[in-house]
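If you want the building blocks of each chain, they are given just below.
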Amino acid sequence: METKEMLTDIRNKLKNWIGGHIIIEKKEQGDVDKTIIKFDDFDFQHRGKTVDDYTSSSLLQLKGEGKVISNESAVPLPHSIFEIPLESINSVNQTDYELTITTERASYHMSYNAN
């Protein structure tokens, strides 16, 4: 599947999830982070050329109040935005209530709950 098709699939899925809650599980280099968001909106951003490999020039912003959850605590999501770098998407898989975006760097598994 081409990147343009994958981005269209992501856009179509997320439109249907606005107003619900999303649990995001990010897996990167053996580390797992979990975030929950009261999902208000999303946006695709293009920042142009970046100066380092950590900051992506293309990304998906998931917007809404949320918390980063760890074994020790739950911390408010900074700026009410969760960003997913999109420069090197390998795959997008989805069901009615799940969406997984896999890039060269990480995997983002999202679960939707209407409540």
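**Section: the overall build of the chain**
In terms of helices and strands, the chain carries 1 helix and 10 strands. In the chain, the order of α-helices and β-strands from amino to carboxyl end is α-β-β-β-β-β-β-β-β-β-β. Relative to the 2.2 N^0.38 estimate, which gives 13 Å for 115 residues, the radius of gyration of the chain is 14 Å and therefore close to what a compact globule would have. Based on the C-alpha atoms only, the size of the chain along its principal axes is roughly 35 × 30 × 25 Å.

**So, unusual backbone geometry**
In this model, His79 sits at a positive phi of 60°, which is unusual for a non-glycine residue. His79 gets classed as exposed once you look at its relative accessible area, which sits at 76%. In this structure, Ser80 is a non-glycine residue whose phi angle is positive, near 55°. Here Ser80 lies in the loop between strand 6 (74-76) and strand 7 (81-85).

**Remarks on the pairing of strand 8 (residues 89-94)**
As paired strands, strand 8 and strand 9 (residues 98-103) are joined by 5 bridges and run antiparallel to one another. Residue pairing for strand 9: Ser91 is matched across the bridge by Thr102. The antiparallel pairing of strand 8 with strand 9 creates a hairpin that spans 3 residues between the two strands.

**Here we look at the nonpolar core**
In terms of nonpolar packing, the biggest core is built from 23 residues, with Leu14, Leu60, Leu62, Ile84 and Met110 touching the most fellow members. Of all elements in the fold, only helix 1 (3-17), strand 1 (21-28), strand 4 (58-63), strand 7, strand 8, strand 9 and strand 10 (107-113) reach the threshold of two or more residues within this core. With 4 residues, helix 1 is the single largest residue contributor to this core.

Reading the values: rules and limits
- Residues numbered from 1 in each chain as written.
- Predicted model: local features only at pLDDT ≥ 70, side-chain atom pairs only at ≥ 80, totals over all residues.
- Heavy atoms only, no water.
- Helix = DSSP H or I, 4+ residues; strand = E, 2+ residues; numbered from the N terminus.
- Rg over C-alpha atoms; globule rule 2.2 N^0.38 Å.
- Buried < 20%, exposed > 50% of the residue type's maximum accessible area, 1.4 Å probe, protein only.
- Pairing = 2+ DSSP bridges.
- Core = buried A, V, L, I, M, F, W, Y, C linked by side-chain atoms within 4.5 Å.

By themselves, these are just geometric observations and shouldn't be taken as functional.
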